[in-house]
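Residue-level structural notes
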Amino acid sequence: MNVLVLTENLFQAVRVAAAASLPGVRVHVLLCRNRKSRLVMLLGLARALARLCAAPPLWPTAASLALRRALRYFPRVDDPRALDFLRRVNPDVGLHGMDVIYKPAVLDCFARGILNPHIGLLPEFRGRSVLEWSLALGAPVGVTAFFIDAGVDTGPDILRFTPVDVRSAPDLNAAKKRLFDQAPAIFRDCLKRLSAPHPVFLPNDVAKGRRYYAMSALMRDVAEACLRLENEDAKRPS
Amino acid sequence: MDVRRRAILAAALRARLADVSARPETGAAPGALPAPGPDADAEEALRRLMVSVVPRLAAGGADMDELCHLLAVVATAARPDDLRFLDAFHRVYELGAAGLPRGALPAAFHQAYRRLLAATLEDLDG
């Protein structure tokens, strides 16, 4: 299986590539800056290199990517040179890690599709601020891995929902980081499932859910208070 | 939403209602958002409002007539079991409070927002 990591963060790219390195899986990386400025991207690269130097378990993966020339940088994911690279790699599966909505020309390069670790329960919570809405409404918190289409969290095939316990997180940002940190392990599990003879998908029935938008400060405060509530419940002896 | 979450939400809405009620625009001459048409689609109005108009409002370039028209449609769907529609009003109000010139948001908005907050609180308390 040809797998391509789509990312704007070098350290995250190597982490995901390491997690995706399974028997029968060949990993490539496409690094882009997309909407980031050159300066922000360069600072990010410097920070990523420093973090990589401090993470010896990731060195073999980084070396393998470099030796195989399997990591390429282009300014934008829809840059014609990036599209040429994608077509040459001919990936089966993409692992999403970019702050973009992919155009059809990019989506069409993947035989199976691009997997997105969405930090909310699908089909119920599509769109933005879904962790905050889940906490405010008392809904399950976790990550849904599904194949992207051109819409906002409307791709029809869900691979799995992974509940994540965020109760001990001190605030919403820490809770969100805990969800994002699950991505490498979730991708690894998804690739194992996709390697099985008959992978099972759940339908992403958008009629059963709602699209959410960037949340107000008022509701964010409510979500934060609900997180503290769960935090106190978790500390209480059962 | 469980009882404790409803209490947290109600406390936040009560504080906001007090804030909105204290604004001079809210007590201004009666005004109303334009009446939505019979085939108005609240979900589509919410999408346009949040994806297009609110970012333009934040940048200081929104068309107030379009904003009021979309808010009027969104208001028809605001209810406690779907807080997204009321949240759109929260967002617009917060933008108005944070950075827009005084009086940029029409009195009709503040009055409609106050009515929605009061109605939601009544539902939550009931």
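See the structure above.
Below is a short write-up of the structure. (Residues numbered from 1 in each chain as written. Chains lettered and ligands numbered in written order. Predicted model: local features only at pLDDT ≥ 70, side-chain atom pairs only at ≥ 80, totals over all residues. Heavy atoms only, no water.)

What follows is about helix α1 (residues 10-20) of chain A. Residues and elements named next belong to chain A. For α1, a buried count of eight out of eleven residues is recorded, marking the element as mostly surrounded by other parts of the structure. Where α1 is concerned, the buried positions are Leu-10, Phe-11, Ala-13, Val-14, Val-16, Ala-17, Ala-19 and Ala-20. N-capping of α1 is provided by Asn-9, with a side-chain oxygen placed 2.9 Å from the backbone N of Phe-11. (Buried < 20%, exposed > 50% of the residue type's maximum accessible area, 1.4 Å probe, protein only. Helix = DSSP H or I, 4+ residues; strand = E, 2+ residues; numbered from the N terminus. Polar contact = N/O pair within 3.5 Å; in protein donor to acceptor, adjacent residues only side chain to side chain.)

This part covers the interface of chain B and chain A. Taken together, the contact between chain B and chain A spans 22 residues of the former and 21 residues of the latter. Both faces combined, the contact of chain B with chain A buries some 1900 Å², and carbon together with sulfur accounts for 63% of it. Looking only at chain B, the three residues that lose the most surface to chain A are Arg-4, Arg-5 and Arg-84 of chain B, adding up to 32% of its buried area. Across the chain B-chain A interface, the total number found is three salt bridges. Where chain B meets chain A, there are ten residue pairs in polar contact (both at pLDDT 80 or more). Put simply, the parts of the chain that give the side of chain B that touches chain A at least two residues each are α1 (3-21), α2 (42-58) and α4 (84-98) of chain B. (Contact = heavy atoms within 4.5 Å. Buried area = accessible area lost by both parts, 1.4 Å probe. Salt bridge = Lys/Arg side-chain N within 4 Å of Asp/Glu carboxyl O.)

In this section: the packing of aromatic side chains. How two aromatic rings sit relative to each other is given by the distance of their centres and the angle of their planes. Counted by the stated rule, this structure contains eight aromatic pairs over all chains. Ring centres of Trp-133 of chain A and Tyr-212 of chain A lie 5.1 Å apart, and the angle between their planes is 45°; this geometry places the pair in the tilted category. Of this pair, Trp-133 of chain A sits in helix α6 (residues 130-137) while Tyr-212 of chain A sits in strand β10 (residues 210-212), and the two are 79 residues apart along the sequence. Residues Tyr-93 of chain B and Tyr-113 of chain B carry aromatic rings whose centres are separated by 5.2 Å and whose planes lie at 50° to one another, so their mutual orientation is tilted. In this pair, Tyr-93 of chain B sits in helix α4 while Tyr-113 of chain B sits in helix α5 (residues 107-125), placing the two residues 20 residues apart along the sequence. Neither Tyr-93 of chain B nor Tyr-113 of chain B differs from the other in exposure class; each is buried. Here the aromatic cluster, defined as three or more aromatic residues joined through ring pairs, consists of Phe-89, Tyr-93, Phe-109 and Tyr-113 of chain B. Cation over ring: Arg-112 of chain A sits above Phe-147 of chain A, and NZ or CZ is 4.4 Å from the ring centre. Across the ring face of Tyr-212 of chain A, the terminal group of Arg-84 of chain B is positioned such that the distance to the ring centre comes to 5.7 Å. (Phe/Tyr/Trp six-rings, centres within 6.5 Å; stacked < 30°, edge-to-face > 60°. Lys NZ or Arg CZ within 6 Å of the ring centre and 35° of its normal.)

Residues and elements named next belong to chain A. With mixed pairing, eight strands are arranged side by side in an open sheet as β3-β2-β1-β4-β5-β7-β8-β9. Across the chains shown, the open sheet's two edge strands, defined by having one partner strand only, are β3 (71-74) and β9 (202-203). With six bridges connecting them, strand β1 (residues 2-7) and strand β2 (residues 26-32) associate as parallel partners. Across the sheet, the residue bridging to Thr-7 is Leu-31, located in β2. Sheet strands in contact with helix α8 (residues 183-195) are β1, β4 (93-97), β5 (113-118), β7 (142-147) and β8 (157-163), and its direction is about 135° off that of β8. (Pairing = 2+ DSSP bridges. Axes fitted to C-alpha atoms, helices over the stretch in contact; angles between N-to-C directions.)

Turning next to the side chain of His-110 of chain B. All names here are of chain B. Mapped onto the secondary structure, His-110 falls in helix α5. The class of His-110 is buried, set by a relative accessible area of 2%. In this structure the side chain of His-110 is engaged in a polar contact, spanning 3.3 Å, whose partner is the backbone oxygen of Pro-106.

It is at 10 Å that the axes of helix α9 (residues 217-235) of chain A and α1 of chain B come closest, and there the two elements cross at 150°. Crossing of α9 of chain A against α1 of chain B: the hand is right-handed. Contacts from Leu-218, Met-219, Val-222, Ala-225, Cys-226, Leu-229, Glu-230 and Asp-233 of chain A in α9 of chain A reach Arg-4, Arg-5, Ile-8, Leu-9, Ala-12, Leu-13 and Arg-16 of chain B in α1 of chain B. Tallied by class, residues from the contact of α9 of chain A with α1 of chain B come to ten nonpolar, no polar and five charged. (Left-handed = near helix turned anticlockwise from the far one by under 90°. Nonpolar A, V, L, I, M, F, W, Y, C, P; charged D, E, K, R; others polar.)

The subject of this paragraph is the state of the cysteines. Residues and elements named next belong to chain A. Inspection of the entire model under this criterion finds zero disulfides over all chains. In this model Cys-32 remains outside any disulfide bridge; the closest cysteine sulfur is found in Cys-109, 12 Å from its own. For Cys-32, a relative accessible area of 0% corresponds to the buried category. (Disulfide = S-S within 2.5 Å.)

Quick look at the packing of α1 of chain A against helix α3 (residues 59-67) of chain A now. Residue and element names in this part refer to chain A. Orientation of α1 relative to α3, taken along the N-to-C sense of each, is 95°, at an axis distance of 9 Å. Considering the angle they form, α1 stands roughly perpendicular to α3. In this structure, α1 contributes Val-14, Ala-17 and Ala-18 to the contact, and α3 contributes Thr-61, Ala-62 and Leu-65. Here the contact of α1 with α3 is composed, by residue class, of five nonpolar, one polar and no charged. (Parallel < 35°, antiparallel > 145°, perpendicular 65-115°, else oblique.)

In the structure shown here, the tally under the stated rule is 25 salt bridges over all chains. Asp-82 of chain B is the salt-bridge partner of Arg-210 of chain A, the closest N and O atoms lying 3.3 Å from each other. Placement of Arg-210 of chain A in strand β10 and of Asp-82 of chain B in the loop between α3 (64-75) and α4 is noted, with the two residues assigned to different chains. Under the relative-accessibility criterion, Arg-210 of chain A is labelled partly exposed at 26%. Two residues, Arg-4 of chain B and Asp-233 of chain A, come together in a salt bridge whose shortest N-O distance is 2.7 Å. In this pair, Arg-4 of chain B sits in helix α1 while Asp-233 of chain A sits in helix α9, so the two residues belong to two different chains. Bridged by salt links that share partners, the residues Arg-210 of chain A together with Glu-43, Asp-82 and Arg-84 of chain B form one connected network.

So far we have only geometry, and geometry alone does not tell us how the molecule works.
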